[in-house]
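Residue-level structure breakdown
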Amino acid sequence: MKTRSFLTAQSLRALTLGSVGTIAFAFACPAAHGAVVTYIGNDPGAGPAAARPNSNLAAANFGSVLTAFGAATVFTFETAPVGSFSSLSLGSGVSVSGTDFSGNNQSVANTPNDAAAPSLAGYDTTFGGSNYLNVLGGTATFTFSNPINTFGAYFTGVQTEFGTVTLSFNDGSSQVVTVPAQPDASGGVAFVGFTDSGHAISSLTVVSGSGGGGDFIGVDDVRVTFAPVPEPSTLALLAAAGILGAGAWARRTRQA
Ligand SMILES: [Ca+2]
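Just so we're clear, the structure is a prediction, and the values are computed from it rather than from any experiment.

From N to C terminus, the protein chain includes three helices and 14 strands. Across the 256 residues in the protein chain, those meeting the buried criterion constitute 45%.

Looking at the protein chain, pLDDT values average 83 and 75% of them are 70 or higher. The model gives residues 1-20 a pLDDT under 50, and that stretch makes 25 contacts with residues more than four places away or in other chains. Note that pLDDT drops below 50 for residues 25-32; the model gives that stretch 21 contacts with residues more than four away or on any other chain.

A few words now on the environment of Gln106. Here Gln106 is to be found in the loop between β6 (94-97) and β7 (107-109). The class for Gln106 is buried, based on 26 C-beta atoms found within 10 Å. Distance from Gln106 to Val96, taken between C-alpha atoms, is 9.2 Å for residues ten residues apart in sequence. Non-local contacts of Gln106, meaning those with residues more than four positions away in its chain, are made with Ser84, Gly98, Thr99, Asp100, Leu133, Asn134, Val135 and Ala140.

Let us look at helix α2 (residues 53-65). A rise of 1.5 Å per residue sets the reference length of α2, with its 13 residues, at 18 Å; its end C-alpha atoms lie 19 Å apart and thus fit the reference within 8%. Looking at α2, one finds that the buried residues are Pro53, Asn54, Ser55, Leu57, Ala58, Ala59, Asn61, Phe62 and Val65.

Mapped onto the elements, Pro112 comes out in the loop between β7 and β8 (132-136). A count of 23 C-beta atoms within 10 Å places Pro112 in the buried class. Along the backbone, Pro112 and Tyr132 are 20 residues apart, and their C-alpha atoms lie at a distance of 9.1 Å.

Phe155, Ala190, Val192 and Val219 are the most contacted members of the largest nonpolar core, which has 55 residues in total. Considering each element in turn, this core owes the most residues, eight residues, to strand β9 (residues 139-156). When residues no more than four places from it in sequence are discounted, the contact partners of Val192 are Thr38, Ile40, Gly152, Ala153, Phe155, Leu167, Val177 and Val179.

For strand β12 (residues 188-196), a buried count of nine out of nine residues is recorded, marking the element as mostly surrounded by other parts of the structure. Burial along β12 is two-sided: Gly188, Ala190, Val192, Phe194 and Asp196 facing one way and Val189, Phe191, Gly193 and Thr195 facing the other are all buried. Two elements, strand β2 (residues 36-44) and β12, share nine bridges in a ladder whose sense is antiparallel. When the bridges of β12 are listed, Tyr39 appears paired with Gly193. Sheet topology note: the β9/β12 ladder contains seven bridges and is antiparallel. The residue of β12 that forms the bridge with Thr156 is Val189.

Next up on the list: unusual backbone geometry. Positioned with a positive phi, Ser92 is a non-glycine residue whose angle comes to about 55°. Residue position: Ser92 is located in the loop between β5 (87-91) and β6. One non-glycine residue, Asp221, adopts positive backbone phi at about 50°. Position of Asp221 among the secondary structure elements: in strand β14 (residues 216-226). On the basis of neighbour count, Asp221 is assigned to the buried category, with 20 C-beta atoms found within 10 Å.

In this section: the pairing of β14. In terms of residue burial, β14 counts as a mostly covered element, since ten of its eleven residues are buried. In terms of strand pairing, strand β3 (residues 73-75) meets β14 through three bridges, oriented antiparallel. Bridge pairing in β14 places Thr73 opposite Val224. Relative to β14, β8 runs antiparallel, the two sharing four bridges. The partner of Asn134 across the bridge, within β14, is Gly218. Relative to β14, β9 runs antiparallel, the two sharing seven bridges. Opposite Phe155, over in β14, you have Val219 as the bridge partner.

Criteria and thresholds
- Throughout this document, residue positions are counted from 1 along each chain, in the order its sequence is written.
- Per-residue local features are limited, in this predicted model, to residues with pLDDT of at least 70; the limit for side-chain atom pairs, both in listing and counting, is 80 or more; totals at the level of whole chains, interfaces and linings are taken over all residues.
- In this text, helices come from DSSP runs of H or I with a minimum length of four residues, and strands from runs of E with a minimum of two, each type numbered from the N-terminal end.
- Put plainly, a residue is buried at 20 or more neighbouring C-beta atoms within 10 Å of its own, exposed at 12 or fewer, and partly exposed in between, counting only other residues' C-beta atoms, which are placed from the backbone.
- pLDDT expresses, on a scale from 0 to 100, how confident the predictor is about each individual residue.
- Contact criterion: two residues are in contact if their C-beta atoms, reconstructed from the backbone, are within 7 Å.
- A helix is expected to span 1.5 Å for every residue after the first.
- Note on terminology: a nonpolar core is a set of buried residues of type Ala, Val, Leu, Ile, Met, Phe, Trp, Tyr or Cys, with members joined through C-beta atoms within 7 Å.
- For two strands to be treated as a pair, DSSP must find at least two bridges joining them.

Structure (structure tokens):
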């Protein structure tokens, strides 16, 4: 996995304005074939109504490179039924399933897990929205009928106390992208996105911490692009090439 990061003038400005958040993202050039390139920003302590400059900047930079991958499809969970699910269809051939720290199904929530301290345990990040994927430890696996080559989302309430939160997937080899943890006392929000040029990913699992039940987090405003599929005309050409090749073999066989 290849990850390059640096601070821009804008992110440095955000830092000097008092935020203790950090942002790390890749050069905004198309990724080399085969490389997972991450776009990550985090805002410790940021709750539902707070500004999240580093996370939003990472999301914007991630979005700016998606033009090389195609139109992004965004899932806000706003039309998803509130409550637990065994498998939740999000549309566009995308579904999510998984079980929490106690083996129960994951759920969609419309209020923060911790009403008194919403930044600690997951909340909605959609502008004007309320619903989010409520991951109470354990795992949540996104399945893509049409494989993807980029993925991004906001993660809320990820803390250092409950183990590491990761995105695990296979693009021909096993890959792990780590979601930055926020301080135990404050929680916060992070945006994590990645591009994976030239690859196709059929599923991705959010592993929400480990030990002691894992971490209670929110996942929201998921955005993906779908990997290109061979055009019918390309398939026809390949089939024709196969027929021609078979014909040539037959001729050679007859001549032999
Ligand atoms: Ca939402």
